[in-house]
Every structure is written in structure tokens, then in C-alpha cells.
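# Commentary on secondary and tertiary structure
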Amino acid sequence: MLDFNMNGSSKDFNLIIHVLLENVVDFFMEIGSNLDYEEIYADVFPLH
């Protein structure tokens, strides 16, 4: 688990952040499930 210790933030705040991050990753994996591996990461991390 990531530690978001921003000036003594509460455990509830950490839990909320982790739930939101998990939802974003799950959504990304669901949307990208029909794409090739290279297409998924090329869209998220484009070459500059």
C-alpha cells in the first residue's frame, strides 16, 4: 500500500485514495482488455 502521509493524514483518507486508484486501474484494464499490449501502453505512456 502506498503511504500518503501528508501532514498526518488520516487512515480513512489513505483508504479512500487507494479505493479510487484501484477503480481507475480496474476501469483502465477493462477498457483496454480488447487492445494489444503495445497499444495500451502506447496510449497511456506516449513517446515524446
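Everything below is about the structure shown above.
Since this is a predicted model, take the numbers as computed values, not measurements.

### Describing the overall build of the chain
Counting its secondary structure elements, the chain contains 2 helices and 0 strands. Evaluated residue by residue, the chain yields a buried proportion of 8% over its 48 residues. For the chain, the accessible surface area stands at approximately 4600 Å², while carbon and sulfur atoms represent 62% of it.

### A word on a nonpolar patch on the surface
Side chains of Val25, Phe28, Met29, Tyr37, Tyr41, Val44 and Phe45 sit close together on the surface and give an oily, nonpolar patch of about 710 Å² of accessible area. Listing elements by their share of the nonpolar patch, those giving two or more residues are helix 1 (11–31) and helix 2 (37–44). Relative to the elements of secondary structure, Phe45 occurs in the segment after helix 2.

### Considerations on a negative patch on the surface
On the surface, Asp36, Glu38, Glu39 and Asp43 cluster together into a patch of negative charge. Tracing the backbone shows Glu38 in helix 2. The class for Glu38 is exposed, based on a relative accessible area of 57%.

The rules behind these values
- Residues numbered from 1 in each chain as written.
- Predicted model: local features only at pLDDT ≥ 70, side-chain atom pairs only at ≥ 80, totals over all residues.
- Heavy atoms only, no water.
- Helix = DSSP H or I, 4+ residues; strand = E, 2+ residues; numbered from the N terminus.
- Buried < 20%, exposed > 50% of the residue type's maximum accessible area, 1.4 Å probe, protein only.
- Areas by Shrake-Rupley, 256 points an atom, 1.4 Å probe, with all protein chains shown as cover.
- Patch = residues over 30% accessible without salt bridge, like charges linked within 9 Å, V, L, I, M, F, W, Y side chains within 5 Å.
- Salt bridge = Lys/Arg side-chain N within 4 Å of Asp/Glu carboxyl O.
- Lys, Arg positive; Asp, Glu negative; His and termini not counted.
- Charge placed at Lys NZ, Arg CZ, Asp CG, Glu CD.

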